[in-house]
Amino acid sequence: MRYLEVLAIALALFIILRFVANYFPVLAGSKNIRTIFFKLFPVVEMLAWLAYVFWALDQLFIEIEAYQLLIESFILILIFIFGWYFLRDFVSGIILKMENAFEAGQQINTPAASGTIRKLGYRSMEIVTSKGEFIKIPFSRLTGENIVRPADTGNWAERVIKLKIVSELHLEKIQSMLKNRILEMPWIISEGNIRVILACTEEKNYVAEIHFYTISPEMAVKTEEILQVFVNEALS
């Protein structure tokens with residue numbers, strides 16, 4: 001009889017919760033009330049089932065000698081489950097923030113989503129995609145994944161160098177070869193609008209004005225030295 005009572009209460013609780021979940025949003029006229037309901041109802045539902053489980057354990061096993069141990073074990077399991085669920089994202093967030101220095105407004109590409117970081121929480125980050133979609137990503141999903149951030153160009157400056165070239169190649173070919181050689185250099189930022197302007201002074205003689213971006217004047221000097229060698233060996 002006791003088992004039937006426990007089963008009947010479980011069935012009644014299930015029906016009541018499903019009824020509220022299905023019909024309360026329909027009866028609530030305000031969108032704000034529905035939003036609050038959808039946020040709070042899962043918590044209420046979980047607490048209701050937890051209360052039922054403790055009541056059922058009390059009804060079915062209170063007379064056995066190991067009842068106290070059973071209750072304590074069940075509580076420890078619940079603490080472990082909820083602790084693991086909440087702490088894994090929290091700890092992952094701390095590690096990822098330390099390694100990547102995330103901040104709102106930053107562009108980011110991840111396997112989960114790509115876009116602009118809108119908000120950083122303790123357990124997740126919210127990203128706005130190029131389509132205007134809001135995506136919340138738990139930090140634990142980003143652990144061990146490749147995270148790509150566009151280069152910070154705040155300290156990059158435009159550099160201009162001029163080279164004299166003697167070559168029988170067509171002007172377009174020279175421009176293409178110079179640009180490709182520049183892009184092979186790891187300290188050059190390709191998004192920096194590299195420009196190669198050639199002026200023909202006389203037959204087979206050119207002056208190349210090259211615009212590119214580097215982080216320091218030293219890198220500009222090194223770029224000029226490499227390009228001069230490239231002009232002497234590949235274009236002459």
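1. Overview of the pattern of salt bridges
Then comes step 1: By the definition in use, this model includes six salt bridges.
Then comes step 2: Its salt-bridge partner being aspartate 89, residue arginine 123 comes within 3.1 Å of it at the nearest N-O pair. Here arginine 123 is found in the loop between β2 (114–120) and β3 (124–128), whereas its partner aspartate 89 is found in helix α3 (residues 67–100), with 34 residues between them in sequence.
Then comes step 3: The class for arginine 123 is partly exposed, based on a relative accessible area of 28%.
Then comes step 4: What makes aspartate 89 buried here is its relative accessible area of 2%.

2. Focus: the sheet that holds strand β6 (residues 195–202)
Then comes step 1: Reading across from one edge, β5-β7-β6 is the order of the three strands in this open sheet, with antiparallel pairing throughout. Strands with a single pairing partner mark the edges of an open sheet, and in this sheet they are β5 (157–166) and β6. Taken pair by pair, the neighbouring strands of this sheet meet at an average axis angle of 20°, ignoring direction.
Then comes step 2: Direction of pairing for β5 relative to strand β7 (residues 205–214): antiparallel, over a ladder of 10 bridges. Across the sheet, isoleucine 165 pairs through a bridge with tyrosine 206, a residue of β7.
Then comes step 3: Across the sheet, helix α5 (residues 171–183) lies against β5, β6 and β7, angled at about 140° from β6, the strand it touches most.

3. Observations concerning the packing of aromatic side chains
Then comes step 1: In this structure the tally under the stated criterion is seven aromatic pairs.
Then comes step 2: Pairing phenylalanine 54 with phenylalanine 74 gives two aromatic rings, centres 5.3 Å apart and planes at 80°, and the pair type is edge-to-face. Here phenylalanine 54, found in helix α2 (residues 31–61), pairs with phenylalanine 74, found in helix α3; they are 20 residues apart in sequence, far enough to count as distant.
Then comes step 3: These aromatic residues form a ring-pair network of at least three members: Phe37, Phe38 and Phe41.
Then comes step 4: The cationic tip of arginine 88 hangs over the ring face of tryptophan 84; the distance from NZ or CZ to the ring centre is 4.4 Å.

4. Looking at the side chain of serine 92
Then comes step 1: The residue serine 92 is located in helix α3 in this model.
Then comes step 2: A polar contact is formed between the side chain of serine 92 and the backbone oxygen of arginine 88, at a distance of 2.7 Å.
Then comes step 3: With near-sequence residues (within four places) excluded, serine 92 lies in contact with Phe139, Ser140 and Thr143.

5. Some points on the packing of α5 against helix α6 (residues 217–235)
Then comes step 1: Close contact between α5 and α6 brings their axes to 11 Å; oriented N to C, the two are set at 135°. Judged by the angle between their axes, α5 and α6 are oblique. In the packing of α5 onto α6, the handedness of the crossing is right-handed. Along its contact with α5, which presents Ile174, Met177, Leu178, Arg181 and Ile182, the element α6 presents Ile226, Leu227, Phe230, Val231, Ala234 and Leu235.
Then comes step 2: Looking at side-chain class alone, the contact of α5 with α6 contains 10 nonpolar, no polar and one charged residues.

6. With respect to the nonpolar core
Then comes step 1: If you look at the biggest cluster of nonpolar residues, it comprises 21 residues, and the most contacted ones within it are Ile165, Leu178, Ile210 and Leu227.
Then comes step 2: The set of elements that each furnish at least two residues to this core consists of β5, α5, β6, β7 and α6.
Then comes step 3: Among the elements that line this core, the one with the most residues is α6, at five residues.
Then comes step 4: In this structure isoleucine 210 touches Arg159, Val160, Ile161, Leu163, Leu178, Ile182, Arg195, Val196 and Leu227, once residues within four positions along its chain are discounted.
Then comes step 5: Core analysis: the next-biggest nonpolar cluster, separate from the first, contains 11 residues, Ile108, Ala113, Met125 and Leu142 among them.

7. Some points on α6
Because each turn of an α-helix spans 3.6 residues, side chains separated by three or four positions end up pointing in the same direction.
Then comes step 1: Between the first and last C-alpha of α6 there are 25 Å, a value that for 19 residues agrees with the 27 Å anticipated at 1.5 Å per step.
Then comes step 2: Within the sequence span of α6, burial applies to Ala220, Thr223, Leu227, Phe230, Val231 and Leu235. Projected down its long axis, α6 shows its buried positions confined to an angular sector of 105°, all on one face. Counted as exposed and oriented over 90 degrees from the buried face of α6: Glu218, Glu225 and Glu233.
Then comes step 3: Buried positions along α6 lie against β5, α5 and β7.

Each value, and the rule that gives it
Residues numbered from 1 in each chain as written. Predicted model: local features only at pLDDT ≥ 70, side-chain atom pairs only at ≥ 80, totals over all residues. Heavy atoms only, no water. Salt bridge = Lys/Arg side-chain N within 4 Å of Asp/Glu carboxyl O. Helix = DSSP H or I, 4+ residues; strand = E, 2+ residues; numbered from the N terminus. Buried < 20%, exposed > 50% of the residue type's maximum accessible area, 1.4 Å probe, protein only. Pairing = 2+ DSSP bridges. Axes fitted to C-alpha atoms, helices over the stretch in contact; angles between N-to-C directions. Contact = heavy atoms within 4.5 Å. Phe/Tyr/Trp six-rings, centres within 6.5 Å; stacked < 30°, edge-to-face > 60°. Lys NZ or Arg CZ within 6 Å of the ring centre and 35° of its normal. Polar contact = N/O pair within 3.5 Å; in protein donor to acceptor, adjacent residues only side chain to side chain. Parallel < 35°, antiparallel > 145°, perpendicular 65-115°, else oblique. Left-handed = near helix turned anticlockwise from the far one by under 90°. Nonpolar A, V, L, I, M, F, W, Y, C, P; charged D, E, K, R; others polar. Core = buried A, V, L, I, M, F, W, Y, C linked by side-chain atoms within 4.5 Å. Expected span 1.5 Å × (residues − 1). Arc of directions from axis to C-beta.

Worth remembering: the numbers are spatial, not functional.
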